[in-house]
Amino acid sequence: MDVFLYLALLILPRFFDIVLPIGAFIAVLFIFNRLTSESELVVMRSAGLSPLALARPVMILAGIGFVVLMSLSAYFLPTSNREFKDLQFEIRNRFVSSLLQEGTFTNISDKLTIYIGSRNERGEITGILINDERDPQQPVTLFAERGAFADAQNGSRIILVNGNRQRFDRASGKLSVLTFDSYTLDLATLRDAPVVRFREAQERFLGELFFPPAEIDGTTYRSFIVEANTRLAVPLAVFSFVMIPLACLLPGEFNRRGQLQRVLLAVLFALLFQSTDLGVKNLAASNYAAIPLMYFIDLLPLTLGFGILLFGGIRLGVWRPATAR
């Protein structure tokens, strides 16, 4: 249970990275709709407060959200992803016996598959098959009648009894068979240690992403650059999310029948912005030239919103001609 809760805790930075901008949008939309329905916004306007003055607390909120999101992108997100991956490798190594199911082929890693026929109450297993393809030129297959798992300080081990070890040399086409009465297989040698495995883009800090190792290939280099720019673009989106309800609710005339149309318009704009933002980020992952478009989309609602607050509002309703006199 403690391992499960720790894994859930490591996922929280990614969760906040997605939820915080949307939460800020919902909060601003709710508060300003409430101020309008209770005529408090009308009183503040009558007191001489401009739309920009009313938007100042919201921009402070967005600034706080930006700092939080930037700290997540710069430190907490790669740290949690790195710890999550390391713990995942450790679970596969130290708790491999609990992952195995009877009559099922279980992939312990990309190149290690274990099959057990049955397991008794004492923890002994029968009908064991282990396929090891760490070396693609010389794959190894182990068969054993029975065996058991043993936990050591550096990892789990499998003790096999009455079986054989088959190794096939693809270059020469020869098969070598070793029959044994007892054989101990150390699972720690069958995986890449967390300290030496290659760190993925989500596990890297911003400095490592912008200045990756020289020995990586071109595809990995592009994924690093895209990940770095995505982390910088995500915090900017919080300013656009809070500007959308401001631009829809602050300007325009007061309506005693409510602001339902403006609220729905703000929700529609937010959905459109979110879907466009996700589409552009997916496009940038496959097309390196689309990276500047991410910043353009994330800052577009902020720019348009400031223009609406400065020069005029969004007018809703049907146009009616003036009555002739």
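Look above for the structure.
Caption draft 1: Main features of the overall build of the chain. Helix and strand content of the chain: eight helices and six strands. Reading the helices (α) and strands (β) of the chain from amino to carboxyl end gives α-α-α-α-β-β-β-β-β-β-α-α-α-α. Here the analysis covers contacts within the chain between residues at least 6 apart in sequence; of these, 59% occur between residues at least 24 apart. Carbon and sulfur atoms provide 61% of the accessible area of the chain, an area that totals close to 19100 Å².

Caption draft 2: Representation of the packing of helix α6 (residues 218–249) against helix α7 (residues 260–286) within the structure. Viewed as axis vectors pointing N to C, α6 and α7 meet at an angle of 165°, and their least axial separation amounts to 10 Å. One element, α6, and the other, α7, form an angle in the roughly antiparallel class. In the crossing of α6 with α7, the sense of the turn from one axis to the other is right-handed. Counted together, Val-226, Thr-230, Ala-233, Val-234, Ala-237, Ser-240, Phe-241, Ile-244, Pro-245, Cys-248 and Leu-249 of α6 and Arg-262, Val-263, Leu-265, Ala-266, Phe-269, Ala-270, Phe-273, Gln-274, Lys-281, Ala-284 and Ala-285 of α7 form the full contact between these two elements. For the contact of α6 with α7, the per-class residue count stands at 17 nonpolar, three polar and two charged.

Caption draft 3: Expanded view of the layout of surface pockets. By volume, the largest pocket amounts to about 550 Å³. Around the largest pocket, the lining is made up of 28 residues, and of these Arg-14, Thr-230, Val-234, Leu-278 and Lys-281 lie nearest the centre. Within the residue set of the lining of the largest pocket, elements represented by two or more residues are α1 (2–37), α3 (51–94), α6 and α7. The biggest single contributor to the lining of the largest pocket is α6, with ten residues. Residues that form the lining of the largest pocket fall into these classes: twelve nonpolar, nine polar and seven charged.

Caption draft 4: Fine view of a nonpolar patch on the surface. Where nonpolar side chains cluster on the molecular surface, the patch consists of Tyr-6, Leu-9, Leu-12, Phe-15, Phe-16, Ile-18, Val-19, Ile-22 and Ile-26 and spans about 790 Å² of accessible area. Of the residues examined, Leu-12 reaches a relative accessible area of 33% and is grouped as partly exposed.

Caption draft 5: Fine view of α1. The sharpest bend along α1 measures roughly 35° and falls at Phe-15. All of the buried residues along α1 are Leu-7, Leu-10, Pro-13, Asp-17, Pro-21, Ala-24, Phe-25, Val-28, Leu-29, Phe-32, Leu-35 and Thr-36. Phi turns positive, to about 65°, at Ser-39, one or two residues after α1.

Caption draft 6: Spatial organisation of the packing of aromatic side chains. One pass over the structure, following the stated rule, counts eight aromatic pairs. Between Phe-15 and Phe-16, the ring centres sit 5.9 Å apart and the planes meet at 65°, which makes this aromatic pair edge-to-face. For Phe-15, a relative accessible area of 46% corresponds to the partly exposed category. Given a relative accessible area of 40%, Phe-16 falls into the partly exposed group. On the basis of an interplanar angle of 25° and a centroid distance of 6.0 Å, the ring pair of Tyr-75 and Phe-205 is categorised as stacked.

Caption draft 7: Examining unusual backbone geometry more closely. A positive phi angle, near 65°, is found at Ser-39, a position not held by glycine. On the basis of relative accessibility, which here comes to 32%, the residue Ser-39 falls in the partly exposed class. Although it is not a glycine, Asn-162 sits at a positive phi angle of roughly 55°. By the element assignment, Asn-162 lies in strand β5 (residues 155–169).

Caption draft 8: Structural view of the pattern of salt bridges. Summed over the entire model, instances satisfying the criterion amount to nine salt bridges. Where Arg-199 meets Asp-86, a salt bridge forms, and the shortest distance between an N and an O atom there is 3.0 Å. Within this pair, whereas Arg-199 is found in the loop between β6 (174–186) and α5 (206–210), its partner Asp-86 is found in helix α3, the two being separated by 113 residues in sequence. By the burial criterion, Arg-199 is buried, and Asp-86 matches it. Here Arg-204 and Glu-208 are joined by a salt bridge, their closest N and O atoms 3.7 Å apart. Using a relative accessible area of 8% as the deciding quantity, one classes Arg-204 as buried. Residue class for Glu-208 comes out partly exposed when judged on its relative accessible area of 28%. Look at the salt bridges and you will find they share partners, linking Arg-82, Arg-204 and Glu-208 into a network.

Caption draft 9: Here's a closer look at the side chain of Asp-277. In this fold, Asp-277 is placed in helix α7. Side-chain polar atoms of Asp-277 contact the side chain of Lys-281, separated by 2.6 Å. Those residues in contact with Asp-277 that sit more than four places away from it in its chain are Ile-297 and Asp-298.

Caption draft 10: Main features of the environment of Thr-36. Relative to the elements of secondary structure, Thr-36 occurs in helix α1. The spacing of Thr-36 and Leu-249 is 213 residues in sequence and 8.2 Å in space, taken between C-alpha atoms. A polar contact of 2.8 Å, which involves the side chain of Thr-36, links it to the backbone oxygen of Phe-32.

Caption draft 11: Layout of the environment of Ile-291. Here Ile-291 shows up in helix α8 (residues 291–311). A residue is classified by how much of its surface remains accessible, and Ile-291, at 9% relative accessible area, is buried. Taking the C-alpha atoms as reference, Ile-291 lies 9.6 Å from Ala-233; in sequence the two are 58 residues apart.

Parameters and conventions
- Residues numbered from 1 in each chain as written.
- Predicted model: local features only at pLDDT ≥ 70, side-chain atom pairs only at ≥ 80, totals over all residues.
- Heavy atoms only, no water.
- Helix = DSSP H or I, 4+ residues; strand = E, 2+ residues; numbered from the N terminus.
- Contact = heavy atoms within 4.5 Å.
- Areas by Shrake-Rupley, 256 points an atom, 1.4 Å probe, with all protein chains shown as cover.
- Axes fitted to C-alpha atoms, helices over the stretch in contact; angles between N-to-C directions.
- Parallel < 35°, antiparallel > 145°, perpendicular 65-115°, else oblique.
- Left-handed = near helix turned anticlockwise from the far one by under 90°.
- Nonpolar A, V, L, I, M, F, W, Y, C, P; charged D, E, K, R; others polar.
- 1 Å grid on protein atoms, 1.4 Å probe; cavity = no way out; pocket = protein on both sides within 12 Å on 5 of 7 lines; lining within 4 Å.
- Points joined across faces, edges and corners; volume = space filled by probe spheres on them.
- Patch = residues over 30% accessible without salt bridge, like charges linked within 9 Å, V, L, I, M, F, W, Y side chains within 5 Å.
- Salt bridge = Lys/Arg side-chain N within 4 Å of Asp/Glu carboxyl O.
- Buried < 20%, exposed > 50% of the residue type's maximum accessible area, 1.4 Å probe, protein only.
- Bend = angle between axes of the 7 residues up to and from the residue.
- Phe/Tyr/Trp six-rings, centres within 6.5 Å; stacked < 30°, edge-to-face > 60°.
- Polar contact = N/O pair within 3.5 Å; in protein donor to acceptor, adjacent residues only side chain to side chain.

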